[in-house]
Amino acid sequence: MYGIINKSIEELVTEQFGESRWQAVKQRCNLPIDFFISTEVYDDAITYQLAGAIAAELNISVDEVLFVFGEWWILKTVTEKYSGMLQSGGDNFMQFLINLPNFHQRVMMMYPQITPPEFAISDVEEKSICIHYHSKRKGLKVFVHGLLSGLAKSYKTDAVIEWIPGQQEAETHETFKVSW
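Residues numbered from 1 in each chain as written. Predicted model: local features only at pLDDT ≥ 70, side-chain atom pairs only at ≥ 80, totals over all residues. Heavy atoms only, no water.

Considerations on the overall build of the protein
In terms of helices and strands, the protein carries seven helices and four strands. Counting helices and strands in the order they occur from the N terminus, the protein gives α-α-α-α-α-α-β-β-α-β-β. Taking 2.2 N^0.38 as the reference for a compact globule, 180 residues should give roughly 16 Å; the C-alpha atoms of the protein span a radius of gyration of 16 Å, in line with that estimate. C-alpha atoms of the protein, sized along the principal axes, occupy 50 × 35 × 30 Å. Counting all 180 residues of the protein, 45% fall into the buried class. Across the protein, contacts joining residues at least 24 apart in sequence account for 62% of those joining residues at least 6 apart. Once the 15 positive and 23 negative side-chain charges of the protein are each reduced to a mean point, those two points are 2 Å apart. (Helix = DSSP H or I, 4+ residues; strand = E, 2+ residues; numbered from the N terminus. Rg over C-alpha atoms; globule rule 2.2 N^0.38 Å. Buried < 20%, exposed > 50% of the residue type's maximum accessible area, 1.4 Å probe, protein only. Contact = heavy atoms within 4.5 Å. Lys, Arg positive; Asp, Glu negative; His and termini not counted. Charge placed at Lys NZ, Arg CZ, Asp CG, Glu CD.)

In structure tokens, the structure reads:
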């Protein structure tokens, strides 16, 4: 993953819990990196290690870490660093979700070595939509749930996001029904 991800995780921990907690997280996972460079590619294992170390340090589950980070990614990182890209996705929550399958096309222009997830939509109705998330990375269902929650909040939309079990292919395809 690109360093921007790990850098954002660091910002979340330091802003919410303090620099000393971040140092403790780094120590827990034996992180040999002093700082992350946003445009540098890092092994995915580092990001998973960070999530586990944060969970242990804060005495919460990894799922809680992933959900909070998903919301943080949208509400803080994307809003502050890539607001134009976010705004180009649509004027409202539903438009953004409909355009979500094309979103990473723009991201790939900025980060050419990215291994992006793919999104598809189905069952589009006036007040709901199904979002299909496909990724080579396993175990990120709760992170995507957090992303969708963060998007709803950024568009000031009261949304209900439900994971739909049983339609997935292993852990690389997840389906969410989003209603508002």
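Points about the packing of helix α2 (residues 19-28) against helix α3 (residues 44-58)
Each pair of packed helices can be summarised by the angle the axes make with each other and by the distance between the axes. Between α2 and α3, the least distance of the axes is 9 Å, while the angle of their chain directions is 120°. Here α2 is positioned oblique relative to α3, judged by the angle of their axes. Every pair of crossing elements has a handedness; the one defined by α2 and α3 is right-handed. The segment α2 lies against α3, with R21, W22, A24, V25 and R28 engaging L50, A53, I54, A56, E57 and L58. When grouped by side-chain class, the residues that make up the contact of α2 with α3 number eight nonpolar, no polar and three charged. (Axes fitted to C-alpha atoms, helices over the stretch in contact; angles between N-to-C directions. Parallel < 35°, antiparallel > 145°, perpendicular 65-115°, else oblique. Left-handed = near helix turned anticlockwise from the far one by under 90°. Nonpolar A, V, L, I, M, F, W, Y, C, P; charged D, E, K, R; others polar.)

Some remarks on the side chain of T77
Relative to the helices and strands, T77 resides in helix α4 (residues 62-81). Residue T77 is classed as buried on the basis of its relative accessible area, which comes to 1%.

A few points about the sheet that holds strand β2 (residues 128-134)
On the basis of which strands lie adjacent, the open sheet formed by four strands has the order β1-β2-β4-β3 and antiparallel pairing. Since the sheet does not close on itself, it has two edges, and those belong to β1 (118-125) and β3 (160-163), each with one partner. Strand-to-strand twist in this sheet, taken as the mean axis angle between neighbours without regard to direction, amounts to 20°. Strand direction decides the pairing type here: β2 and strand β4 (residues 173-179), joined by seven bridges, are antiparallel. Residue pairing for β4: S128 is matched across the bridge by S179. The sheet contacts of helix α7 (residues 141-154) involve β1, β2, β3 and β4, and relative to β4 the element is tilted by about 25°. (Pairing = 2+ DSSP bridges.)

Some details on the packing of helix α1 (residues 3-17) against α4
One way to put it is that α1 packs onto α4 with a least axis distance of 10 Å and a crossing angle of 105°. Taken together, the axes of α1 and α4 are roughly perpendicular relative to one another. Here I4, I5, S8, I9, E11, L12, E15 and Q16 of α1 come into contact with α4, specifically with V68, F69, W72, W73, K76, T77 and K81. A breakdown of the residues in the contact of α1 with α4 according to their chemical character gives eight nonpolar, three polar and four charged.

Quick word on unusual backbone geometry
Look at N59: it is not a glycine, yet its phi comes out positive at around 55°. You can see N59 is positioned in the loop between α3 and α4. Among the residues examined, N59 registers a relative accessible area of 71% and is labelled exposed. The backbone phi angle of D123 is positive, close to 50°, even though this residue is not glycine. For D123, a relative accessible area of 51% puts it in the exposed group.

Spatial relationships are all this shows, so hold off on functional conclusions.
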